[in-house]
Amino acid sequence: KNEVEQSPQNLTAQEGEFITINCSYSVGISALHWLQQHPGGGIVSLFMLSSGKKKHGRLIATINIQEKHSSLHITASHPRDSAVYICAVTQGGSEKLVFGKGTKLTVNP
Amino acid sequence: SAVISQKPSRDICQRGTSLTIQCQVDSQVTMMFWYRQQPGQSLTLIATANQGSEATYESGFVIDKFPISRPNLTFSTLTVSNMSPEDSSIYLCSVTKAGGAGGGYTFGSGTRLTVV
């Protein structure tokens, strides 16, 4: 079974700061997903990665397959970025997601 | 990507009663999943809803407690039966069209359930 570890568990930043959230996993994967969950409970998919790097607006996601590690970066953070960010992976031929415990980000104005 | 309408968004229920949660997808999808998120915890997969056959339940979850229907490729329901306060959680459905490696996932907006 894949173990997905995220760090930090909680993160508080000031508006404008550069944010990094880390995710590591124990077994080879087919894809890694970064998800965003707002206080209401709904979840939005931010990125799906199997290699390299992806960018969308102020969000950047990278993955190092050899090191079994991914990072989510937020540039010029804003209070509306406050949410729980969840890393999840799929492996082999399974469509089941294995989730990390999430990182709660609070961005203060 | 698919769009999911999940209802209800929240409910407060009496112990011993049942609640049925619905997810309607705007397009046909291959895989549909139901998750529970207990307070302060990450998501736990309850079951995979299979079209035209019985759902596949994860360890610790049983059909009598969480009956699931999936009559077609765009709709599914999850019922939380004989509720107790320990069932207070957020319940979410999720779909993927092409599978985990080939496609992304879309999540419903969640149902926040409080059992009193």
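Because the structure is predicted, anything quoted here is derived from the model rather than measured.

**Focus: the state of the cysteines**
Residues and elements named next belong to chain B. One pass over the full model with this rule turns up two disulfides over all chains. Here Cys23 pairs with Cys93 through a disulfide, and the sulfurs are 1.9 Å apart. Given an S-S torsion of about -95°, the disulfide between Cys23 and Cys93 has left-handed geometry. With Cys23 in strand β3 (residues 19-25) and Cys93 in strand β9 (residues 89-96), this pair connects stretches of sequence that are 70 residues apart. The exposure class assigned to Cys93 is buried, which follows from its relative accessible area of 0%. Free cysteine Cys13: the closest other cysteine sulfur is in Cys23, separated by 16 Å.

**Brief notes about the interface of chain A and chain B**
One frequently used descriptor of interface size is the decrease in accessible area upon assembly of the parts. Contacts between the two partners involve 20 residues from chain A, matched on the other side by 23 residues from chain B. Between chain A and chain B, a total of about 1,600 Å² is buried, with carbon and sulfur atoms accounting for 59% of that surface. The salt bridge partner of Glu58 of chain B is Lys96 of chain A, with a shortest N-O separation of 2.7 Å. Counting across the chain A and chain B interface gives six residue pairs in polar contact (both at pLDDT 80 or more). Looking at the side of chain A that touches chain B element by element, the count peaks at four residues for strand β4 (residues 31-37) of chain A. For the side of chain A that touches chain B, the class distribution of residues is eight nonpolar, nine polar and three charged.

Thresholds, definitions, all that
- Residues numbered from 1 in each chain as written.
- Chains lettered and ligands numbered in written order.
- Predicted model: local features only at pLDDT ≥ 70, side-chain atom pairs only at ≥ 80, totals over all residues.
- Heavy atoms only, no water.
- Disulfide = S-S within 2.5 Å.
- Helix = DSSP H or I, 4+ residues; strand = E, 2+ residues; numbered from the N terminus.
- Buried < 20%, exposed > 50% of the residue type's maximum accessible area, 1.4 Å probe, protein only.
- Contact = heavy atoms within 4.5 Å.
- Buried area = accessible area lost by both parts, 1.4 Å probe.
- Salt bridge = Lys/Arg side-chain N within 4 Å of Asp/Glu carboxyl O.
- Polar contact = N/O pair within 3.5 Å; in protein donor to acceptor, adjacent residues only side chain to side chain.
- Nonpolar A, V, L, I, M, F, W, Y, C, P; charged D, E, K, R; others polar.

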